[in-house]
Amino acid sequence: MKEEILLLKIHNGLKEGKNYYEAIRGNWKISEKRFQSIKYVAGINRGKVVCIFQPTNWSTITEGQEKGRKAFNGIEGPNDILLDLQKSEEILLKKFGSGSPVAYVSSEEIVG
């Protein structure tokens, strides 16, 4: 199975005063089908990779305005992967569609 890294733009959450984990962990429009292949979730703030987490479980929001969106619980990811992602920022930023806060990259695309 292909391993992916989920890239999320978190600058809005950080503006609200949330820490990295609070800003990255929830309320995203992503497909449940991809959960199995997502190894890490990386936070992007103003074009810079600022954090990485390893999801331990996923959930779907079942009520309210955010119904259907996904959230995860997780642990901080390895620092060496964070550093590799930071070296690959130029590649990563090209993965985002017009205005989209969500993108995916395969582990093989990261500069090691």
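Residues numbered from 1 in each chain as written. Predicted model: local features only at pLDDT ≥ 70, side-chain atom pairs only at ≥ 80, totals over all residues. Heavy atoms only, no water.

J.: Outline the nonpolar core, supporting the account with residue identities and numerical values.
T.: Judged by nonpolar contacts, the single largest core of 16 residues is most densely connected at Leu6, Leu8, Ile24, Ile30, Val41 and Trp58. Listed by contribution, the elements that provide at least two residues to this core are β1 (4-9), α2 (20-24), β2 (38-45), β3 (48-60) and β5 (102-106). Per element, the largest residue contribution to this core is three residues, and it comes from β3. If we skip the residues at most four places from it in the chain, Ile30 touches Leu6, Phe35, Trp58, Lys70, Val102 and Tyr104. Core analysis: the second largest hydrophobic core is formed by 14 residues, Tyr40, Ile44, Ile52 and Phe96 among them. (Core = buried A, V, L, I, M, F, W, Y, C linked by side-chain atoms within 4.5 Å. Buried < 20%, exposed > 50% of the residue type's maximum accessible area, 1.4 Å probe, protein only. Helix = DSSP H or I, 4+ residues; strand = E, 2+ residues; numbered from the N terminus. Contact = heavy atoms within 4.5 Å.)

J.: With reference to specific residues and values, describe the pairing of β1.
T.: Most of β1 is tucked away, with five of its six residues classed as buried. Strand direction decides the pairing type here: β1 and β2, joined by six bridges, are parallel. Directly across from Lys9, in β2, lies its bridge partner Ile44. Taken together, the five bridges between β1 and β5 define a ladder with antiparallel strand orientation. Considered in β5, the bridge of Ile5 is made with Val105. (Pairing = 2+ DSSP bridges.)

J.: Just give me the short version of the side chain of Ser106, but keep the residues and values in it.
T.: Note that Ser106 resides in strand β5. According to the relative accessible area criterion, Ser106 is buried, its value standing at 10%. If we skip the residues at most four places from it in the chain, Ser106 touches Lys2, Glu3 and Glu4.

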